[in-house]
Structure formats: structure tokens, C-alpha cells
Amino acid sequence: MSLTEQIITVLMVVAATSLTRFLSFALFPTPEHTPNFVRYLGKVLPAAVFGFLVVYCLRGVELTGGSHGLPEAAAVAVTAFIQARTHQMLLAIGGGTALYMLLVQLVFR
Amino acid sequence: MSTETTNSTSPSMHPAWRALQTAFPYTMPIFAGFLLIGIAYGVFMNASGFSFIYPALMSLLIFAGSVEFLTVPMLLAPFNPLHAFLVALIVNARHIFYGISMLEKYRGHGLKTPYLIYGMCDESFSINFTAKIPADIDKGWFFFWVTLLNHLYWVGGATVGGLCGSLLTFDTRGLDFVLTAMFVSIFTEQWLLEERHQSSLAGIAISLLCLMLWGPEQYLVPTLLAIFAVFALGRHYFAPARKEPEHVTD
């Protein structure tokens, strides 16, 4: 990929990201313009989106071959456990990632 | 920078300065988190063969953690700008709903408003949405500092990671799991905060079902359409128990 193509790729990501952030403000200029259905979606969608993103990150994991998703399962469990116990995002992310790196580098090679 | 909101009963101090003092403590956990993930992102880009200029500029311009990670393999794959646009659109679609939540709060802060919206990442949204801002503190400046500080932490971390990644001699295999861990962490925290789990479970179940049906390359759009359809049709099932006394304005 040439430098120009890289710049275009990054700018596309910037454009799409900005679109998602500015869209609501453009569509609903005042609170009176916001339909109740949209407010409802704003309340229920975030939780589903985070679940969606977890699956999205793990979509490439092969259950039938390789390490059968075992390092991923272990690291996800440890991350969730640390988060639930300490509510420290930094600790949870650091701990889960460290375990995953250890597993893929030393155990499941 | 505009100072259109100098309505405060201003003691000797400028309202911007006082808002900064109030805002900074709120951003401290994000300082730690963004520095770690920012550095990991910079190291990840470095390990993928990019100069530190890339994470520095991408973190500054995109300022959306997950999508920045996802952009790295795109820069190594054949040129496909539409794919880049769609992935960013789909992954960041949740911001549409942050926008809806911030319609009232972010309006009317002059030149700050466009920047507040541009920099509306998960974390800045969360703080600015939930923070109890004292009455004598200018809200516009508070929102502005939270957004700007988080932005700076992220760019700083990514730049440091991109620079020092070249000094790293240890094996970085598996480091990209930090992205997965970030979402597991957010998901877990949301799960513990919510009273009912229908929405979280629907997100996981629909994603998994579509992944099995369409496979990892094709399942994104069907998943989001299905999530939207399920919420649209199952409104009475998913509608959250009325808990917030805030929105009585309609």
C-alpha cells in the first residue's frame, strides 16, 4: 500500500468515526426533535454493542484446530474476573493480556 | 478559543482554570488506562512495522481506540477504502447513541461544541455524562478539559509506545489481545451495573448466531441489522425499568 493509499485509508476511518459522533447532533438539533424510539434505542443498545464487540474481537478464533480457543477462553475469563473483583480496568486488561501472551508464547506454541 | 460563557460569579480565577482543576481528578483513571493501551497500541504498530508518526497521527485524528487497532491490519492489506469506512462506521456506530445522550449537555458551548463531539470517545462520554459538576463550575470548560486531557493521554501513550517499541526486544506475540481484554473489561463492568441483562445477552447471542451462519468475513452487517430489528420488535421486552428521574423534560 502506497503512502497516499494509507492516508486515504486513515481519512476514511476518521470520516466514518466523525460521522457516527456528529450524526445525532445533526439529525436531532433540539431535544424536542428526538423521537422516543431513538431515546429507547440509546438506552438498550450500548450493552448489546459491548457484547457484540467481544464476539467481534474473537471472531477469528478456531475452535476445531490450533489451540482450540483455549488461550482466548482463559484470558477472557481472567480479564472478566479481575474486572469484577477490582473494577480496575487497567489491572484487568493488563492481567488478561499478560496471561494471553504467556500462553501463546510459552504454552500453546 | 471562545470564552462566551463568562457568566460565573467569577472570583479572581478564570472559569477555564477552575474547570480544569475540577476536571483533572476525573480523568486520572483514564490517564493510567489510556497510557497503557496507548503504549500497547504504539508498540503494536511498531511491531507491525510502522514509524511512531503513524500511531501519533492516527491517535490524534481518529481518537477511537478499537478502530485504531483495527486499522493496523487494514494498512497492511490490499487497498480497500470502502472496507475501512464500513468497519469504522460499524464498530463506531455506538457513538450515535452517545450523541443522542449528549444532545442537551454538549449544545451551546460555542467553538468547544464541535471539538466535544469530535472527541467523544467511550471514556470522555462516560465521564461527561455521569460527572456531578459543581454549580459554580463552567460546564463547557469542564467537558472541554475532560475531552482534551483524555485525547492528550491517548496521543501521548501511542507516541511513546511507537517510539520505545523500537527499543523493545521481548516477544510481542499476543499483545493485540489488549483490545479484546478492553472490551471484556467494559462488558463486565456494564454487566455488573445493569439491573437486567437482556440487552447484553442479546448482543452476545445475536453476534454468535450470525457468526456461525455467515462466518467471520460476512457477519457484521447481518448482526447489526438483526440487533436493530430485535430491539425494534421487542421494545416492550427490552425497555429498561424506569429508574432515571432525570428526563422529565418531555
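Just so it is clear, the model here is predicted, and its values are computed rather than measured.

> A description of the overall build of chain B should follow, citing residues and the corresponding values.
Helices and strands together make up the secondary structure of chain B, namely 12 helices and 0 strands. In chain B, which comprises 250 residues, the share counted as buried stands at 51%. For chain B, the accessible surface area stands at approximately 12,100 Å², while carbon and sulfur atoms represent 69% of it.

> With reference to specific residues and values, describe the packing of helix α2 (residues 36–57) of chain A against helix α10 (residues 198–214) of chain B.
At a minimum axis distance of 7 Å, the contact between α2 of chain A and α10 of chain B shows a crossing angle of 40°. One way to sum up the angle between α2 of chain A and α10 of chain B is to call them oblique. For α2 of chain A against α10 of chain B, the interelement crossing comes out right-handed. Across the interface between the two elements, Val-44, Ala-47, Ala-48, Gly-51, Phe-52 and Val-55 of chain A of α2 of chain A pack against Ser-199, Ser-200, Gly-203, Ile-204, Ser-207, Leu-208 and Leu-211 of chain B of α10 of chain B. In terms of residue class, the contact of α2 of chain A with α10 of chain B is built from 8 nonpolar, 5 polar and no charged.

> So what about a nonpolar patch on the surface? Which residues, and what values?
Residue and element names in this part refer to chain B. A contiguous nonpolar patch, built from Phe-52, Ile-53, Leu-57, Leu-60, Leu-61 and Leu-163 and spanning about 470 Å² of accessible area, is present on the exposed surface. Counting residues per element, the nonpolar patch draws most heavily on helix α2 (residues 53–61), at 4 residues. With respect to the helices, strands and loops of the structure, Ile-53 is situated in helix α2.

> A description of the UniProt feature "transmembrane region" (unreviewed entry) in chain A should follow, citing residues and the corresponding values.
Residues and elements named next belong to chain A. Mapped onto this structure's residue numbering, the UniProt feature "transmembrane region" (unreviewed entry) falls at residues 7–28, 40–58 and 89–108. Taken end to end, residues 7–28 comprises 95% helix and 0% strand; its first and last C-alpha atoms sit 32 Å apart. For the annotated span residues 89–108, helix accounts for 95% and strand for 0% of the residues, and the straight-line distance between the end C-alpha atoms is 26 Å.

> How would you explain the confidence of the model for chain A if you had to name every residue and give the values?
With 99% of its residues at a pLDDT of 70 or more, chain A has an overall mean of 89. Ranking the helices and strands of chain A by mean pLDDT puts helix α3 (residues 70–86) of chain A first, with 96, and α2 of chain A last, with 81.

> Just give me the short version of the confidence of the model for chain B, but keep the residues and values in it.
All names here are of chain B. Per-residue pLDDT for chain B has a mean of 84; in total, 88% of the residues score no lower than 70. Predicted confidence is poor over residues 241–250, with pLDDT under 50, and the contacts of this stretch with residues over four places away or in other chains come to 8 contacts. If you check the scores for this complex, the pTM reads 0.68 and the ipTM reads 0.83.

> Explain the packing of aromatic side chains to me, using residue names and the numbers behind them.
Centre-to-centre distance and the angle between the planes together describe a pair of aromatic rings. Counted under the stated rule, the structure contains 21 aromatic pairs over all chains. Measuring from ring centre to ring centre gives 5.8 Å for Phe-44 of chain B and Phe-69 of chain B, while their planes differ by 25°; the resulting arrangement is stacked. With Phe-44 of chain B in helix α1 (residues 15–47) and Phe-69 of chain B in helix α3 (residues 65–76), the pair connects residues that are 25 residues apart, well separated along the chain. One exposure class covers both Phe-44 of chain B and Phe-69 of chain B, and it is buried. Taken together, a centroid distance of 5.4 Å and an interplanar angle of 65° make the contact between Tyr-106 of chain B and Phe-143 of chain B edge-to-face. Placement of Tyr-106 of chain B in helix α5 (residues 95–106) and of Phe-143 of chain B in helix α8 (residues 139–164) is noted, with a sequence separation of 37 residues between them. A relative accessible area of 2% means that Phe-143 of chain B is categorised as buried. Against the face of Tyr-56 of chain A rests Arg-59 of chain A, its NZ or CZ located 4.1 Å from the ring centre. Just above the ring of Trp-141 of chain B sits the side chain of Lys-112 of chain B; from NZ or CZ to the centre is 4.4 Å.

> Kindly report on the UniProt feature "transmembrane region" (unreviewed entry) in chain B, identifying the contributing residues and their values.
Under the present numbering, the feature "transmembrane region" (unreviewed entry) in UniProt falls on residues 23–44, 56–76, 82–103, 142–168 and 221–238 of chain B. Note that residues 221–238 of chain B is 94% helix and 0% strand, and that its end C-alpha atoms are spaced 22 Å apart.

Conventions used here
- Residues numbered from 1 in each chain as written.
- Chains lettered and ligands numbered in written order.
- Predicted model: local features only at pLDDT ≥ 70, side-chain atom pairs only at ≥ 80, totals over all residues.
- Heavy atoms only, no water.
- Helix = DSSP H or I, 4+ residues; strand = E, 2+ residues; numbered from the N terminus.
- Buried < 20%, exposed > 50% of the residue type's maximum accessible area, 1.4 Å probe, protein only.
- Areas by Shrake-Rupley, 256 points an atom, 1.4 Å probe, with all protein chains shown as cover.
- Axes fitted to C-alpha atoms, helices over the stretch in contact; angles between N-to-C directions.
- Parallel < 35°, antiparallel > 145°, perpendicular 65-115°, else oblique.
- Left-handed = near helix turned anticlockwise from the far one by under 90°.
- Contact = heavy atoms within 4.5 Å.
- Nonpolar A, V, L, I, M, F, W, Y, C, P; charged D, E, K, R; others polar.
- Patch = residues over 30% accessible without salt bridge, like charges linked within 9 Å, V, L, I, M, F, W, Y side chains within 5 Å.
- Salt bridge = Lys/Arg side-chain N within 4 Å of Asp/Glu carboxyl O.
- UniProt positions renumbered as here; feature names shortened; annotations may be inferred.
- pLDDT = per-residue confidence, 0-100.
- Phe/Tyr/Trp six-rings, centres within 6.5 Å; stacked < 30°, edge-to-face > 60°.
- Lys NZ or Arg CZ within 6 Å of the ring centre and 35° of its normal.

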